[in-house]
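What the coordinates show
The chain contents come next:
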Amino acid sequence: AAGALTLASPEVKFVLDSESLNPTDVQAYALLEANALVEEFMLLANVTVSKKILRHYPTLSVLRRHPAPNRTMFESLISKAKCRGFDIDIEDSKRLADSLDAAQIGSDPYFNKLLRILSTRCMSPAQYFCSGEFKPTDWHHYGLAAPVYTHFTSPIRRYADVCVHRLLGAAIGVAPLPVHLSSKSYLHELAANMNRRHRSAQLAGRASVQLHTLIFFSGDDGDKEDDAYVLDVETAAASDPSFSVIVPRYGIEGRVKLTNITADDSNLRRDAEQHRLTYKNQSIQVFDKVRVRIWVREVQDHQKELVLDLLEPKLGSKSTISDESSLQQLPSDTLSFESASGKRERDDSKNNSTSSANKRKKAKNKRRGKK
């Protein structure tokens, strides 16, 4: 009701071989209703704690802010949605949430998820900060439509939550506030460092996904064919015809270059307004579903790259996912902010379920060993 955004990302999980630990399968992570329920309570806890520590420490609270995006960041997405007949309103988070909810294509439910994935990438990154550094009007968390927000629910994996626990402990009289958390200058440096570390952790996570994805497709049966969706079409004049795609099954992206078509081919037509390339009687437009083949090519000794071949429609193309176009599986926290679907909170809820599953598996193996 307040306008919190429900966004999305192509999250995947790997199934690893028990001995080699090499990936044997990659699957899209499914969010269950139970996960969503846990997320809602986690978000509520974070908001409640942020208000509590602010009342006691109005200039020393460790909070998290998410500035509203400017229209320039959304121009491309607004244009892409418009070519499919939908208007994206970014005046405030509630209008954005409502316009995303309304952008539905009955015959293709993944279209709405694509819009939410692209919306996530138009956002500014959320940041930790000390409440004494900003005016209260700048504390707002756009993605969650919350006037104040913090991270409290995951002290086992985020240092920000540890600091907030200490602030809360002092606020309710459980323990005295540590001396170092009484200094605004220290909290300023601490928040800046946590933001840098958070970004580094994101990059490390993406690099891990890239490595495991490459290993998976390098296997004996590594070649795969699957559906992909067009995210962007290169329509600039005199540019090499190409478009970028996302493969939902594997959460990877890459640019498909139409190598059999030259930039000055008279049969090639570019339509920037409609985000479409047309060649003879075939066309590719943003959000179109296409069929691709995914495989690994060895460039030189000990260096491999993932390749996408376009299978349908028959435009005749191949592409290489270079470091620039990136083999990537981007978390919803790509831009480091929490949506109403609570990527960071979702991590906790699914980690809890994974931990329980691992415990059950170990107990089962133990019983087998006794037998």
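Preceding this section is the structure that the text describes.
Figured I'd write up the structure that's included with this text. (Residues numbered from 1 in each chain as written. Predicted model: local features only at pLDDT ≥ 70, side-chain atom pairs only at ≥ 80, totals over all residues. Heavy atoms only, no water.)

Some details on the overall build of the protein
In plain terms, the rule: Here a strand is any run of E in DSSP of at least two residues, a helix any run of H or I of at least four, and the numbering for each starts at the N terminus. Buried means the residue's accessible area, taken with a 1.4 Å probe over protein chains only, is under 20% of the maximum for its type, while exposed means over 50%, and partly exposed covers the values in between. Between two residues, a contact is recorded if the distance between any of their heavy atoms is within 4.5 Å. Using a 1.4 Å probe, accessible areas were evaluated by the Shrake-Rupley method; residue-level cover was limited to the displayed protein chains.
In terms of helices and strands, the protein carries seven helices and 13 strands. Counting over 371 residues, the protein shows a buried share of 48%. Expressed as a percentage of contacts within the protein between residues at least 6 apart in sequence, the contacts between residues at least 24 apart total 65%. Split by element, the accessible area of the protein, about 18,900 Å² in all, is 51% carbon and sulfur.

A short note on the sheet that holds strand 9 (residues 276-279)
Heads up, the condition is: Two strands are said to pair when DSSP picks up at least two bridges between them. Comment: axis = line fitted to C-alpha atoms, over the contacting stretch for helices; angle = value between 0 and 180 degrees taken between N-to-C directions.
Taken together, the three strands give an open sheet; going across it, the order is 8-9-10, and neighbouring strands pair in antiparallel fashion. The sheet terminates laterally at strand 8 (268-271) and strand 10 (282-285), the two strands that pair on one side only. Mean inter-strand twist for the sheet, computed between neighbouring axes without regard to direction, equals 15 degrees. The pairing of strand 9 with strand 10 spans four bridges and is antiparallel. For Thr278, the partnering residue across the bridge sits in strand 10 and is Ser283.

Observations concerning helix 1 (residues 33-56)
Inclusion rule: What a helix should span is 1.5 Å times the count of its residues minus one.
In a regular helix each residue adds 1.5 Å, so 24 residues correspond to 34 Å; helix 1 covers 36 Å between its end C-alpha atoms and thus fits that length. Of all the residues in helix 1, the buried ones are Asn35, Glu39, Met42, Leu43, Asn46, Val47, Val49, Ser50, Ile53 and Leu54.

Comments concerning the pairing of strand 9
Bridge count between strand 8 and strand 9: four bridges; the pairing is antiparallel. By the bridge assignment for strand 9, Asp271 is matched with Arg276. The hairpin formed by strand 9 and strand 10 contains two residues between the paired strands, and Lys280 there has a positive phi angle of roughly 55 degrees.

Points about the packing of helix 2 (residues 71-82) against helix 4 (residues 110-121)
Short version of the rule: An angle below 35 degrees is read as roughly parallel, one above 145 as roughly antiparallel, one from 65 to 115 as roughly perpendicular, and any other as oblique. What makes a crossing left-handed is the near helix being turned counterclockwise from the far one by less than a right angle; a clockwise turn instead makes it right-handed.
Between helix 2 and helix 4, whose axes approach to 9 Å, the crossing angle comes to 165 degrees. Classified by the angle their axes make, helix 2 and helix 4 are roughly antiparallel. Considering how the two elements wind past one another, helix 2 and helix 4 form a crossing that is left-handed. Counted together, Phe74, Leu77 and Ala81 of helix 2 and Leu115, Leu118 and Ser119 of helix 4 form the full contact between these two elements.

Description of the nonpolar core
As a reminder, the rule being used: Buried Ala, Val, Leu, Ile, Met, Phe, Trp, Tyr and Cys residues that are joined via side-chain atoms within 4.5 Å together make up what is termed a nonpolar core.
Counting 29 residues, the largest nonpolar core has Phe74, Leu96 and Leu115 as the members making the most contacts within it. Elements with a contribution of two residues or more to this core: helix 2, helix 3 (93-102), helix 4 and strand 5 (224-233). The greatest single-element share of this core, amounting to six residues, is contributed by helix 4. Excluding residues that lie within four positions of it along the chain, Leu96 makes contacts with Leu5, Phe74, Ile88, Asp89, Ile90, Met123 and Tyr142.

Focus on the pattern of salt bridges
Convention followed: A side-chain nitrogen of Lys or Arg and a carboxyl oxygen of Asp or Glu constitute a salt bridge if their distance falls within 4 Å.
For the structure on display, the rule yields 16 salt bridges. Close ionic contact of Glu253 with Arg121 constitutes a salt bridge, the shortest N to O distance being 2.5 Å. On the criterion of sequence distance, the pair formed by Glu253 in strand 7 (residues 252-257) and Arg121 in helix 4 is long-range, its members being 132 residues apart. With a shortest N-O distance of 3.8 Å, Asp271 and Arg276 are connected by a salt bridge. Bridged by salt links that share partners, the residues Lys80, Asp232 and Arg255 form one connected network.

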